[in-house]
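One-letter residues, chain by chain:
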Amino acid sequence: MKTLLVKDTKYIAIPLLLLLLLDAILATFYTYLEEPGSFLLFFCLPITVIFALFSRNHSQGWDKYVNALPFTPQEIVAEKYIIAAGIVLLTQIIMLLFGTIPFILSHSTIDYAKFLVTTSSTVLISSITLGIFIPCSISMNPAKGTAVSIFLVVCVLFPIFYVCYIQSNMGGYYTTSYGSSYMHTYIDPINEASTPVIFWITTIFGYLTLYGSYHGSVILYQKKDY
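Cut-offs applied
- All residue numbers refer to positions counted from 1 along the written sequence of the respective chain.
- Totals for whole chains, interfaces and linings use every residue, but because this is a predicted model, local features are given only for residues with pLDDT of at least 70 and side-chain atom pairs only at 80 or more, for both listing and counting.
- Computation of side-chain values: all heavy atoms of the structure, hydrogens and water removed.
- A run of H or I in DSSP becomes a helix once it reaches four residues, and a run of E becomes a strand once it reaches two; helices and strands are each numbered from the N terminus.
- The cut-offs for exposure are 20% and 50% of the maximum accessible area for each residue type, with area from a 1.4 Å probe on protein chains only; residues under the lower value are buried, those over the upper are exposed, and the others partly exposed.
- Should any heavy atoms of two residues lie within 4.5 Å, those residues are considered in contact.
- Each residue carries a pLDDT score, the predictor's confidence in it, ranging from 0 to 100.
- Salt-bridge detection follows one rule: a side-chain nitrogen of Lys or Arg within 4 Å of a carboxyl oxygen of Asp or Glu.
- For this analysis, a ring pair means two rings from Phe, Tyr or Trp (six-membered ring only for Trp) whose centres lie within 6.5 Å, classed as stacked if their planes differ by under 30 degrees, edge-to-face if by over 60, and tilted for the remaining angles.
- Polar contact is the term for a pair of N or O atoms within 3.5 Å; when the atoms are in protein, one must be able to donate a hydrogen and the other to accept it, and sequence-neighboring residues count only if both atoms are side-chain atoms.

### Side note on the overall build of the chain
Counting its secondary structure elements, the chain contains seven helices and two strands. Of the regular secondary structure in the chain, the N- to C-terminal order runs α-α-α-α-α-α-β-β-α. Residues counted as buried form 42% of the 226 residues belonging to the chain. In the chain, 77% of the contacts between residues at least 6 apart in sequence involve partners at least 24 apart.

So, in structure tokens, the structure goes:
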């Protein structure tokens with residue numbers, strides 16, 4: 001499997017470095033970007049590389065050729081998922097490294113809490129998209145896999161994300177009456193207390209999605225007639 005990893009890594013190395021550089025720039029200037037728009041940009045970075053990799057292998061007939069090599073179906077499929085998970089992880093690490101700097105300088109803990117949720121949401125949506133794309137590409141082809149995964153993400157995942165995003169920004173000032181005096185309290189749904197829980201649950205669930213998708217892809221790969 002090491003040989004497969006080296007082959008695909010060499011192909012995606014340059015575009016991946018460029019995308020990670022763009023990711024670092026976007027994360028650094030996150031506070032100046034529109035939050036939904038920046039989330040879409042972060043989300044597109046990891047899946048673009050995987051889409052291109054699968055399309056190239058399919059167009060060159062690699063899918064058929066690799067079956068003649070001494071690799072098991074588990075190794076062939078696992079190699080794709082290792083690269084996919086690695087790209088998602090690199091994206092998250094770059095976001096955290098470069099995105100933290102502006103918030104350290106501004107001391108804005110509430111905005112940083114929302115940024116952390118954005119990073120974990122990027123992991124989740126990217127993992128779900130790749131978890132749909134890879135088995136669809138194996139059972140059909142990369143073009144159909146791309147169409148199916150984009151359709152499901154646009155029509156199912158993004159509406160859910162948008163509703164959750166709206167709900168997470170419904171904080172505001174609430175007035176409490178104490179006799180003749182009033183206290184105005186600002187309540188934000190995303191705060192320092194809830195952020196670690198949301199961050200870790202969303203991140204872990206994202207990577208578990210890829211793990212579950214891997215087992216399904218192995219079954220589809222073994223059943224496909226190459």
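Next, the rest of the story.
### Here's the deal with the environment of Leu97
Tracing the backbone shows Leu97 in helix 4 (residues 73-106). Once the C-alpha coordinates of Leu97 and Ala24 are considered, the two residues, 73 residues apart in sequence, prove to be 8.1 Å apart.

### Some thoughts on the confidence of the model for the chain
For any part of a model where pLDDT is low, the fine detail of the predicted coordinates should not be relied upon. The predicted model of the chain averages 77 in pLDDT, with 76% of residues at 70 or higher. Taken together, the stretch residues 170-189 has pLDDT below 50 and engages in 28 contacts with residues farther than four places along the chain or on a different chain.

### A few points about the pattern of salt bridges
Scanning all chains against the criterion turns up three salt bridges. When the shortest N-O distance is used, the salt bridge between Asp8 and Lys80 registers 2.9 Å. On the criterion of sequence distance, the pair formed by Asp8 in helix 1 (residues 2-28) and Lys80 in helix 4 is long-range, its members being 72 residues apart. The exposure class of Lys80 is buried, given its relative accessible area of 11%. Lys80 is paired through a salt bridge with Glu79; the nearest N and O atoms lie 3.7 Å apart. In terms of burial, Lys80 and Glu79 fall into one category: buried. Because the salt bridges share partners, they merge into one network encompassing Lys7, Asp8, Glu79 and Lys80.

### Quick notes on the packing of aromatic side chains
This structure, assessed with the given rule, holds five aromatic pairs. When the centroid spacing of 5.3 Å and the interplanar angle of 75° are considered together, the rings of Phe54 and Phe133 count as edge-to-face. Linking Phe54 in helix 2 (residues 35-59) with Phe133 in helix 5 (residues 109-139), this pair joins segments that are 79 residues apart in sequence. The same class applies to Phe54 and to Phe133, which are both buried. Ring geometry for Phe199 versus Trp200: centroids 5.2 Å apart, planes at 85°, classification edge-to-face. The exposure class assigned to Phe199 is buried, which follows from its relative accessible area of 11%.

### Focus on the environment of Tyr207
Tracing the sequence through the fold places Tyr207 in helix 7 (residues 195-223). Since its relative accessible area comes to 22%, Tyr207 is described here as partly exposed. Along the sequence, Tyr207 and Leu124 sit 83 residues apart, while their C-alpha atoms lie 7.5 Å from each other. In this view, Tyr207 contacts Ala85, Val88, Leu89, Gln92, Val123 and Ser127; residues no more than four positions away in its chain are not counted. A polar contact of 3.3 Å, which involves the side chain of Tyr207, links it to the side chain of Gln92.

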